[in-house]
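The residues making up each chain are set out below.
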Amino acid sequence: MSACDNKLKQECFRMLEDFIDALPEKEGALISVLHKAQEIFGYLPQEVQTFVAERLDVSLAKVYGVVSFYSFFTMTPKGKYPISVCMGTACYVRGAEKVLKEFQAQLGIGPGETTKDGLFSLDALRCVGACGLAPVVLIGEDVYGKDEAKDVKTLIKKYSELG
Ligand code: FES
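Keep in mind that what you see is a predicted model, and the values were worked out from it rather than measured.

1. Some details on the pairing of strand β1 (residues 81-86)
Every other side chain in a regular strand lies on the same face of the sheet, so the side chains alternate between the two faces.
Then, number 1: Most of β1 sits inside the fold, with five of its six residues counted as buried.
Then, number 2: For β1 and strand β3 (residues 136-139), the ladder comprises three bridges, and the chain directions are antiparallel. Bridge assignment links Val85 to a residue of β3, and that residue is Val137.

Pasting the structure below:
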C-alpha cells in the first residue's frame, strides 16, 4: 500500500483518474473506485472523496456514506509502522485476542486508529497464511510469530526507537 505524500499526490490522482476513465460504466462503480483509491492513497481523506464524487457524478454525501458504512474503508492515514494482528482461527486459539488487547492498551488506540505521533496504526486481519507461527503480528513488512509476537512491549519499543 503506497501512501501518497505531497510530492506524489498529483501522480496518485492521475492514477485514480486513469482507473475511472477505463471503467466500462461509471454507474455502480463507486465501491470499486473507492477500493482503488484506498489502494493508491492508503486511506480516503476528504479531498479524495470529493474527487471521486465529482468524477462519478454522485454526491459527496453518498461517497461519505459508503466510506463510513464499510469497515474496510478508512479515513485515517495509516501509521509509519502499521501493525496488523491476525485474528484467524489458528492465531485466535493461540492468544491473538490478548495480543491485540495488549497493543490497544500500550498504544492507547483501537483497531482502525493511528497514534497521535503518526508512528503506529492498528488493525485486525483474517488469516495471513502463516498459521504455523500463530499468533502472528505484521508490522509493516515484518512478520512476527509465537513468543516474539506476544512480546508486545519489546515490539513497540523496537519500532519507537527507529522513529
Ligand atoms: S490464522 Fe493467523 S496466520 Fe493463519
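2. Remarks on the sheet that holds β3
Then, number 1: Across the sheet, four strands lie side by side as β2-β1-β3-β4; this open sheet has mixed pairing. Unpaired on one side and paired on the other, β2 (120-125) and β4 (142-145) mark the two borders of the sheet. Across the sheet, the mean angle separating the axes of adjacent strands is 20° when strand polarity is ignored.

3. Notes on the pairing of β4
Then, number 1: Judged from the four bridges that link them, β3 and β4 form a sheet pairing that is antiparallel. Along β4, the bridge assignment pairs Ile139 with Asp142.
Then, number 2: Here β3 folds back onto β4 in antiparallel fashion, the turn holding two residues, of which Gly140 has a positive phi close to 60°.

4. Remarks on a positive patch on the surface
Then, number 1: Residues Arg94, Lys98, Lys146 and Lys150 make up a contiguous surface patch of positive charge.
Then, number 2: A residue is classified by how much of its surface remains accessible, and Lys150, at 46% relative accessible area, is partly exposed.

5. A few points about the environment of Leu8
Then, number 1: Looking at where Leu8 falls in the secondary structure, it is placed in helix α1 (residues 6-21).
Then, number 2: Residues Leu8 and Val63, spaced 55 residues apart in sequence, show a C-alpha to C-alpha distance of 24 Å.

Parameters and conventions
Residues numbered from 1 in each chain as written. Predicted model: local features only at pLDDT ≥ 70, side-chain atom pairs only at ≥ 80, totals over all residues. Heavy atoms only, no water. Buried < 20%, exposed > 50% of the residue type's maximum accessible area, 1.4 Å probe, protein only. Helix = DSSP H or I, 4+ residues; strand = E, 2+ residues; numbered from the N terminus. Pairing = 2+ DSSP bridges. Axes fitted to C-alpha atoms, helices over the stretch in contact; angles between N-to-C directions. Patch = residues over 30% accessible without salt bridge, like charges linked within 9 Å, V, L, I, M, F, W, Y side chains within 5 Å. Areas by Shrake-Rupley, 256 points an atom, 1.4 Å probe, with all protein chains shown as cover. Salt bridge = Lys/Arg side-chain N within 4 Å of Asp/Glu carboxyl O. Lys, Arg positive; Asp, Glu negative; His and termini not counted. Charge placed at Lys NZ, Arg CZ, Asp CG, Glu CD.

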